Amino acid sequence: MESFNTGVSASRDYLKDKKRIVVKVGSSSITHAQTGRMNLEKIEKLVRVLSNLANLGKEVILVSSGAISVGSKALGMDRKPSEKAQKQACAAVGQANLMMVYQKLFAEYQHTVAQILLTKYTMIESESRHNAENTFNELMRMGVIPIVNENDTVATDEIEFGDNDTLSAIVAALVKADLLILLSDIEGLYTDDPHKNSNAQFIDTVEYITDEIIAMGKGATSAVGTGGMNTKISAARIANDSGTDMVIASSEDLSVVSRIISGEKIGTLFKAHLNENFHLIDYLSNNYNGSQK
Ligand code: GLU
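Computed from a predicted structure; not experimentally measured. (Residues numbered from 1 in each chain as written. Predicted model: local features only at pLDDT ≥ 70, side-chain atom pairs only at ≥ 80, totals over all residues. Heavy atoms only, no water.)

Within the fold, Met 216 resides in helix α8 (residues 211-216). Judged by relative accessible area, which is 13%, Met 216 ranks as buried. For Met 216 and Asp 192, which are 24 residues apart along the polypeptide, the C-alpha to C-alpha distance reads 5.7 Å. Those residues in contact with Met 216 that sit more than four places away from it in its chain are Leu 189, Tyr 190, Thr 191 and Ile 203. (Helix = DSSP H or I, 4+ residues; strand = E, 2+ residues; numbered from the N terminus. Buried < 20%, exposed > 50% of the residue type's maximum accessible area, 1.4 Å probe, protein only. Contact = heavy atoms within 4.5 Å.)

In structure tokens, the structure reads:
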């Protein structure tokens, strides 16, 4: 399929120098589509790739979804619950299950992990936001790999991020990450839904998030996770405005993470344009419209 870019610079060599990297995996990336249970082979691969990045001297933060999906299966449900209290209960069980597996696998590669569960309220309230920022920085200094999720067990509709695409962009902005990589069952941005339109073109670089780009994101959705392309473009806005480059790529083969960081053209790159007036709090209290046209 033909691809094009809306940017001027096609080379991604500069991604090699990125130091602080946030990687987000969607529920669909780490669970089996048939059963919703953990895909241990994929989780193992993810852990190996991220451990290797840490060994290379990168600072790695993992934002992992999957708590509700894994928890609902552990509790014998045949589908993800829609009722709030059930979701919260499933998240409480699934988050613990996920962390146990992550901790075991990272330990095999001599890496220590930490669990950070956030709600929108943690980020709105300035004292808790600063505490979260300090904790991240201290963990990075200690060489620990933070594993982040929304605190689904206590988040209610009014205070939830709702999807981990947004959460991961907020984390990237909070820690001033150099790069955010969103991995899901979507391989990047197309001019139209490729399942419906065989003429849809793949976009490898987005220089600016224009109205046209936003319109392109409206079609595609993920079967398992909460976020579709729409939420990924909103995430890109937060990341780019806060000075963080962002790449959306398919999680089918998780070695893409190291290949993206070595400058290979994989997925769609949204380029950072630091907006001096960007404050996380503006995004969190209003509906952020971004600085880009
Ligand atoms: N926090 C949710 C979970 O762990 C996932 C949210 C999302 O899919 O973006 O189940």
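Let us look at the sheet that holds strand β6 (residues 179-184). In space, the eight strands of this open sheet follow the order β4-β5-β3-β2-β6-β10-β11-β9, with mixed pairing throughout. The open sheet has two free edges, formed respectively by β4 (113-118) and β9 (205-206), since each of these has just one partner strand. As paired elements, strand β2 (residues 20-25) and β6 share five bridges and run parallel to each other. Bridge pairing in β6 links Val 25 to Leu 183. Packing of helix α4 (residues 84-108) onto the sheet brings it into contact with β2, β3 (59-64), β4 and β5 (145-150), and relative to β4 it is tilted by some 155 degrees. Those strands touched by helix α6 (residues 126-142) are β2, β3, β4 and β5, and its axis lies near 165 degrees from that of β4. (Pairing = 2+ DSSP bridges. Axes fitted to C-alpha atoms, helices over the stretch in contact; angles between N-to-C directions.)

The subject of this paragraph is the packing of aromatic side chains. A complete count under the given rule lists two aromatic pairs for this structure. With centroids separated by 6.4 Å and ring planes inclined at 35 degrees, the aromatic side chains of Tyr 102 and Phe 106 adopt a geometry described as tilted. Here the residue Tyr 102 and the residue Phe 106 both occupy positions in helix α4, the gap between them amounting to four residues, near one helical turn. (Phe/Tyr/Trp six-rings, centres within 6.5 Å; stacked < 30°, edge-to-face > 60°.)

This brings us to the pairing of strand β10 (residues 245-250). Burial runs high along β10: six of the six residues are buried. Burial along β10 is two-sided: Asp 245, Val 247 and Ala 249 facing one way and Met 246, Ile 248 and Ser 250 facing the other are all buried. Summarising the sheet, β6 and β10 pair through six bridges and their orientation is parallel. Residue pairing for β10: Ser 184 is matched across the bridge by Ser 250. The pairing of β10 with strand β11 (residues 268-270) spans three bridges and is classified as antiparallel. For Val 247, the partnering residue across the bridge sits in β11 and is Leu 269.

Looking now at the pairing of β2. A large share of β2 lies buried, amounting to six of its six residues. Note that β2 and β3 share six bridges and pair parallel. Along β3, the bridge assignment pairs Val 23 with Leu 62.

Attention shifts here to the side chain of Arg 129. Checked against the element boundaries, Arg 129 lands in helix α6. The side chain of Arg 129 is buried and forms no salt bridge, while Glu 133, the nearest opposite charge, is found at 6.0 Å. Within the structure, the side chain of Arg 129 is placed 2.8 Å from the backbone oxygen of Met 123, a separation counted as a polar contact. Each residue touching Arg 129, except ones within four places of it in the same chain, is listed here: Thr 122, Met 123, Ile 124, Leu 174, Leu 280 and Ile 281. (Lys, Arg positive; Asp, Glu negative; His and termini not counted. Salt bridge = Lys/Arg side-chain N within 4 Å of Asp/Glu carboxyl O. Polar contact = N/O pair within 3.5 Å; in protein donor to acceptor, adjacent residues only side chain to side chain.)

Coordinates in, geometry out; function isn't part of it.
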